[in-house]
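These are the residues of each chain, in order.
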Amino acid sequence: MSGIHDRLDWNLLRTFIAIVQEGSISRAAERLHLTQPAVSLALKRLEDRLGERMIVRSGNTFELSGAGELVYREAVVIYGSIARLSMAVRDVPNDLSGVVRLALVTGVNSELFDQVLSDFHRNNPRVTFEILTGSSDDVQHALLHYNAAFGICLKRRKIEGLSDTVLLHQRYYLYCGESHPLFGKKNLQVEHLRNENFVSFASEQLDGVLAPLALYRAQERLEGRTVGTSCSLDEVARMVRTGIGIGALPEHVVRADLDASRLWKLPPEDGVARISLYLMWNQNPRFSEAEEVFFSCLLGALRAAE
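This structure is a prediction, so every number in the text was calculated from the model and none was measured.

Enquirer: What is the right way to look at the overall build of the protein chain in this model?
Expert: Each helix and strand in the protein chain was counted, giving 11 helices and 11 strands. Expressed along its principal axes, the backbone C-alpha trace of the protein chain runs to roughly 70 × 50 × 40 Å. Contacts in the protein chain between residues at least 24 apart in sequence constitute 75% of all its contacts with a sequence separation of at least 6. A total accessible area of about 15800 Å² is found for the protein chain, and carbon and sulfur atoms account for 48% of it. Of note, the protein chain has its 34 positive side-chain charges centred 2 Å away from the centre of its 38 negative side-chain charges.

Enquirer: So what exactly am I meant to see when it comes to helix α2 (residues 10–22) here?
Expert: Residues separated by three or four positions in an α-helix point in the same direction, a consequence of the helix having 3.6 residues per turn. Taking 1.5 Å of rise per residue, 13 residues should cover 18 Å, and α2 covers 18 Å from first to last C-alpha, within 8% of that figure. Regarding α2, the residues found buried are Leu 12, Leu 13, Thr 15, Phe 16, Ile 17, Ala 18, Ile 19, Val 20 and Gln 21. Count one or two residues on from α2 and you reach Gly 23, which has phi positive near 75 degrees.

Enquirer: What am I meant to see in the layout of surface pockets here?
Expert: Rolled over the atoms, a probe sized like a water molecule indicates the empty space that remains. In this structure, the largest pocket spans a volume of roughly 410 Å³. Ser 135, Ser 136, Leu 154, Ser 203 and Val 209 are the residues nearest the centre of the largest pocket, which is lined by 27 residues in total. The set of elements that each furnish at least two residues to the lining of the largest pocket consists of α7 (136–144) and β6 (162–177). If one sorts the elements of the lining of the largest pocket by residue count, α7 sits on top with three residues. Its boundaries defined by the atoms lining it, the second largest pocket holds a volume of some 230 Å³. Every residue along the wall of the second largest pocket is listed here: Lys 185, Lys 186, Asn 187, Leu 188, Gln 189, Val 190, Trp 264, Lys 265, Leu 266, Pro 267, Pro 268 and Glu 269. Class assignment for the residues of the lining of the second largest pocket results in six nonpolar, two polar and four charged.

Enquirer: Would you mind going over the side chain of Ser 200 with me for this structure?
Expert: The topology assignment puts Ser 200 in strand β7 (residues 198–201). Apart from residues no more than four positions distant in its own chain, Ser 200 is found in contact with Arg 217, Thr 226, Gly 228, Thr 229, Ser 230 and Val 236.

Enquirer: What exactly am I supposed to notice about the nonpolar core here?
Expert: Burial of nonpolar side chains together is a common tendency in soluble globular proteins. Ranked by internal contacts, the top residues of the largest apolar core, which has 92 residues, are Phe 16, Phe 150, Leu 174, Leu 213, Leu 249, Leu 279 and Phe 294. Of all the elements, β6 adds the most residues to this core, at eight residues. For Leu 213, the contacting residues outside a window of four places in its chain are Tyr 172, Phe 201, Glu 204, Ala 248, Val 272, Ala 273 and Ile 275.

Enquirer: I would appreciate a short explanation of the environment of Ala 301 in the present structure.
Expert: Positionally, Ala 301 belongs in helix α11 (residues 289–305). For the pair formed by Ala 301 and Glu 196, sequence separation is 105 residues and the distance between their alpha carbons is 42 Å. When neighbours within four sequence positions are excluded, Ala 301 is seen to be in contact with Leu 112 and Val 116.

Enquirer: Would you mind showing me how to read the packing of aromatic side chains here?
Expert: Here a ring pair, both rings aromatic, is described through the centre-centre distance and the interplanar angle of the planes. All told, the structure shown has 11 aromatic pairs when counted by the stated rule. Taken together, a centroid distance of 6.4 Å and an interplanar angle of 85 degrees make the contact between Phe 113 and Phe 294 edge-to-face. Remark: Phe 294 occurs in helix α11 and Phe 113 occurs in helix α6 (residues 111–123); sequence separation between them is 181 residues. On the numbers, 5.5 Å between centres and 90 degrees between planes, the contact of Phe 150 with Phe 287 is edge-to-face. A residue pair is termed long-range when its members are at least 10 positions apart, and Phe 150 in strand β5 (residues 150–153) and Phe 287 in the loop between β11 (273–282) and α11 qualify at 137 residues. For the pair formed by Phe 150 and Phe 287, the shared burial category is buried. An aromatic cluster is built from Phe 113, Phe 120, Phe 129, Phe 150, Trp 281, Phe 287, Phe 294 and Phe 295, whose rings are joined through pairwise contacts. Across the ring face of Tyr 278, the terminal group of Lys 155 is positioned such that the distance to the ring centre comes to 4.6 Å. Geometry around Phe 198 places Arg 217 over its ring, the cationic atom sitting 3.9 Å from the centre.

Each value, and the rule that gives it
Residues numbered from 1 in each chain as written. Predicted model: local features only at pLDDT ≥ 70, side-chain atom pairs only at ≥ 80, totals over all residues. Heavy atoms only, no water. Helix = DSSP H or I, 4+ residues; strand = E, 2+ residues; numbered from the N terminus. Contact = heavy atoms within 4.5 Å. Areas by Shrake-Rupley, 256 points an atom, 1.4 Å probe, with all protein chains shown as cover. Lys, Arg positive; Asp, Glu negative; His and termini not counted. Charge placed at Lys NZ, Arg CZ, Asp CG, Glu CD. Expected span 1.5 Å × (residues − 1). Buried < 20%, exposed > 50% of the residue type's maximum accessible area, 1.4 Å probe, protein only. 1 Å grid on protein atoms, 1.4 Å probe; cavity = no way out; pocket = protein on both sides within 12 Å on 5 of 7 lines; lining within 4 Å. Points joined across faces, edges and corners; volume = space filled by probe spheres on them. Nonpolar A, V, L, I, M, F, W, Y, C, P; charged D, E, K, R; others polar. Core = buried A, V, L, I, M, F, W, Y, C linked by side-chain atoms within 4.5 Å. Phe/Tyr/Trp six-rings, centres within 6.5 Å; stacked < 30°, edge-to-face > 60°. Lys NZ or Arg CZ within 6 Å of the ring centre and 35° of its normal.

Here it is as structure tokens:
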């Protein structure tokens, strides 16, 4: 007996993508130049073929089921693969155009993300990028209100209305700048830091996305005065570099400053906390064609790196 991959019609997946992105069967029908009954039938056929409900209806609105969310993500990847296949067999320049809208926390340092961005631009030179930056709350707000297609940020807990997957893990260490009295001192212990002034992130609270940093300070009784705060990683790093106070920073982001002796790593040797950075998107996305392809490329790169 043939497998589902032999019997599943790609057009059913394409229709399902349109339904999810448009948020309604009627708008999906308009987008695809089909009748509403034809779109409804395609959805039913897809559910019958897969043996799962894709959509949970509630009055005039609907939400994706767990299976529906999984199928949508896979369908977007398939769409991107088909788009890349089309590009590969063409001798003329790629004509994909449009805007890819991203929202990022400040200081994102991901070689994988940068490589996807570079490869995508090389293959799709007519696509432009619109990148918003801010705090993790700003990124999540942008995604929930469709001001960005997807974003990269921290999270403390599951955000209702958003899907996510881990982009990378960051190890935070304590540092001081070269003008700080502790700079260059060896054999320091954590207790030597207890009365030092601190620079911190605005979200470095017990109920914030950087709660592990606040929890570490509380557990180790690092009770020095907080002399500077910011929601920007770049500005927190600046205050640490200039000796205003000591602070926790992700190691891979400040490696160049450490190598150039602008920062000095403080105890503990194994760092303060391991915190994940997430790729996020709206559970009912409204991607443009360019965003669909970029998203599939990014997801594909993440899965290949696992």
